[in-house]
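Descriptive analysis of the structure
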Amino acid sequence: MEVENREPSSLKTRLSEGNIRKVAVVDDAFDSLDLDELKAEVEELRSALLRDRKAAEQTGTLGLEPTLLELTPSQLETLVFCNEDAGAELHRLVSNTFRAKRSQRRDATTLCDHLRGLALEVVSEGTDVDLDWMEFDLVFLDYLLAGGKNSMGVAKELVAATESATLPFTVLMSSRQDLGAVREEFRDETGLVEGMFAVLERADLNDEQRFQFWLSHRLVDMPFGRQLQGFSKALGSAAAAAADELSRYSRTLSVADYANIQWLGLRGDGHPLGDYLLWLLRGKFDHLLLQDEELVKRRNQLDSRTQVDFCRMLSTPSPNLASLYRCALTEPAIQDLAPHPAGAQEGAPGLLVVFGDLLIEDSKEPKLRLALSPVSYTHLRAHETGRNL
């Protein structure tokens, strides 16, 4: 893929203008080393040092004995992450023995270096993270932390500890192949909207140019993402309260109320009672929803944005957006043309015709007819077929 070349200085400016200054990197690569966990590797290195006298002598440059007995946590850290200054022979043995640990730490450190190169303040933490999330504008999370600990818990703490207006943008780092599934899981578990988190393949962290290109597009409009997060949170709370109240409200309608609906509103046009009730209750739900002051406040925030406020489109419309439009333009649970549910009783409608139905008149000259009733449903009595359309 051709990667656009962006000067770091321009990205620095954009980050500064967006008030993105402090970053947290949470990765088990920064955990303190455990001697018990690395016992096999230490034994392997000890055996190698017995066979390589020069490398054994070079342990003295690190303040260690060649026997590597009774290593303290700090001494183990110094040994595992030593560089060539300790001695070429020792560095070669250590690099081979602790390859996985060194690679993991190197990747995490490379990310921190990329971020510091953009004039960002970086705080690195391990599995047992304890940070004030309100201080951060951007958070990188390792998907799977040490001991099988899932980063979802950390992300939930982050969301709970911050207001929408100060919520940091969260980047989930993963080596898994199914990043789409990871994204869905992370969104559902944390409650974050798509505009306030991203899932990044670990391999993309090592290429500085590619990383800067990715970062510049993801953080293009964090204030808007925070507004969407606030709207989503308010919508969830308001919808739950409205659903509970709607259920309670439906139980307050008496049998006499249903009879009045049937006689006053439905008898003439043949609209089925159950479907008509759902239509009425959908209107009631809308009113209950907008009685929530926080939701109205969040709606007004979004209303205040003009078209020029929005970031440029970064992708084609998603299937979820298409589904929203489909729901707005169509009626759910519409079935094929069939006899009216009320049956063929005396005076009952014959066929149930839904607004928008297309019918073909069966005659020598077939005609296409469209149901254009001002109400959602109309009816056709058996002897009036074709006349009411």
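Not measured: the values here are computed from a predicted model.

Quick look at the overall build of the chain
Along the backbone of the chain there are 14 helices and ten strands. Counting only residues that meet the buried cut, the chain has 37% of its 389 residues in that class. Restricting the contact set of the chain to residue pairs at least 6 apart, pairs at least 24 apart contribute 69%. Counting every atom, the chain has about 23400 Å² of accessible surface; 52% of that belongs to carbon and sulfur.

What to know about the nonpolar core
If you look at the biggest cluster of nonpolar residues, it comprises 49 residues, and the most contacted ones within it are Leu115, Trp133, Leu138 and Phe140. A total of five residues in this core trace back to one element, the largest contributor, which is helix H7 (residues 151-161). Not counting chain neighbours up to four residues away, the residues in contact with phenylalanine 140 comprise Val23, Ala24, Val25, Val26, Leu111, Leu115, Val171, Met173 and Phe211. The next biggest cluster of nonpolar side chains, apart from the first, holds 20 residues, and it includes Leu38, Ala48, Ala86 and Leu90.

Let's talk about the packing of aromatic side chains
Going through the model one piece at a time under the given rule, you end up with five aromatic pairs. Between phenylalanine 140 and phenylalanine 211, the aromatic rings sit 6.0 Å apart at their centres with planes inclined by 45°, giving tilted as the arrangement. Taken as a pair, phenylalanine 140 in strand S3 (residues 138-142) and phenylalanine 211 in helix H9 (residues 208-218) lie far apart in primary sequence, 71 residues in all. Like phenylalanine 140, the residue phenylalanine 211 is buried in the burial classification.

Section: helix H12 (residues 273-289)
When the terminal C-alpha atoms of H12 are compared, their 24 Å separation across 17 residues agrees well with the 24 Å that a helix rising 1.5 Å per residue should span. Three or more residues of H12 are buried, namely Tyr276, Leu277, Leu281, Leu288 and Leu289.

Topic: the sheet that holds strand S1 (residues 22-26)
Ordered by their spatial adjacency, five strands build an open sheet running S2-S1-S3-S4-S5, and the pairing between neighbours is parallel. The two strands at the open ends of the sheet, each matched to only one other strand, are strand S2 (121-125) and strand S5 (197-201). When the angles between neighbouring strand axes are averaged without regard to direction, this sheet yields 20°. Pairing of S1 with S3 involves four bridges; the strand directions are parallel. Within the sheet, the bridge partner assigned to alanine 24 lies in S3 and is valine 139.

Comments concerning the pairing of S1
S1 sits mainly inside the fold: five of its five residues count as buried. Both faces of S1 are covered, namely the face carrying Lys22, Ala24 and Val26 and the face carrying Val23 and Val25. Inspection of the sheet shows S1 paired to S2 by five bridges, in the parallel sense. Of the residues in S2, the one forming a bridge with valine 23 is valine 122.

Here's the deal with the confidence of the model for the chain
When the pLDDT values of the chain are averaged, the result is 83; 81% of them are 70 or greater. Every residue in residues 374-389 is under pLDDT 50, and counting partners more than four places away or in other chains gives 39 contacts.

Topic: the environment of threonine 170
Looking at where threonine 170 falls in the secondary structure, it is placed in strand S4 (residues 169-174). The class of threonine 170 is buried, set by a relative accessible area of 1%. In this structure the C-alpha to C-alpha distance between threonine 170 and alanine 155, which are 15 residues apart in sequence, comes to 8.1 Å. For threonine 170, the residues in contact, after removing those within four places along its chain, are Val139, Leu141, Leu158, Phe186, Leu192, Met196, Phe197 and Ala198.

Looking at unusual backbone geometry
Excluding glycine, most residues fall at negative phi; most peptide bonds, likewise, are trans. Located in the positive-phi region is leucine 68, a residue other than glycine, with phi close to 55°. Among the secondary structure elements, leucine 68 is positioned in the loop between helix H3 (53-58) and helix H4 (73-80). Unlike most non-glycine residues, alanine 119 shows phi in positive territory, near 65°. Mapped onto the fold, alanine 119 is located in the loop between helix H6 (99-116) and S2. Judged by relative accessible area, which is 61%, alanine 119 ranks as exposed.

A word on the environment of leucine 288
Relative to the helices and strands, leucine 288 is located in helix H12. Given a relative accessible area of 11%, leucine 288 falls into the buried group. Considering only alpha carbons, one finds leucine 288 and alanine 238, 50 residues apart in sequence, at a separation of 8.3 Å.

Concerning a nonpolar patch on the surface
Taken together, the side chains of Leu321, Leu324, Tyr325 and Leu329 define a hydrophobic patch exposed on the protein surface, amounting to about 480 Å² of accessible area. For tyrosine 325, the position within the fold is in helix H14 (residues 319-329). With a relative accessible area of 55%, tyrosine 325 lands in the exposed category.

Thoughts on helix H8 (residues 179-190)
An α-helical segment advances 3.6 residues per turn. Residues three or four places apart therefore align on the same side. For H8, which comprises twelve residues, the first-to-last C-alpha distance of 16 Å matches the rise-based estimate of 16 Å (1.5 Å per residue) to within 8%. Residues of H8 that are buried: Leu179, Val182, Phe186 and Thr190. Along the axis of H8, the buried positions cluster into a sector of 55°, meaning they face one direction only. At its buried positions, H8 is contacted by H7, S4 and S5. Just downstream of H8, glycine 191 is the residue with a positive phi angle, here 80°.

Conventions and cut-offs
Residues numbered from 1 in each chain as written. Predicted model: local features only at pLDDT ≥ 70, side-chain atom pairs only at ≥ 80, totals over all residues. Heavy atoms only, no water. Helix = DSSP H or I, 4+ residues; strand = E, 2+ residues; numbered from the N terminus. Buried < 20%, exposed > 50% of the residue type's maximum accessible area, 1.4 Å probe, protein only. Contact = heavy atoms within 4.5 Å. Areas by Shrake-Rupley, 256 points an atom, 1.4 Å probe, with all protein chains shown as cover. Core = buried A, V, L, I, M, F, W, Y, C linked by side-chain atoms within 4.5 Å. Phe/Tyr/Trp six-rings, centres within 6.5 Å; stacked < 30°, edge-to-face > 60°. Expected span 1.5 Å × (residues − 1). Pairing = 2+ DSSP bridges. Axes fitted to C-alpha atoms, helices over the stretch in contact; angles between N-to-C directions. pLDDT = per-residue confidence, 0-100. Patch = residues over 30% accessible without salt bridge, like charges linked within 9 Å, V, L, I, M, F, W, Y side chains within 5 Å. Salt bridge = Lys/Arg side-chain N within 4 Å of Asp/Glu carboxyl O. Arc of directions from axis to C-beta.

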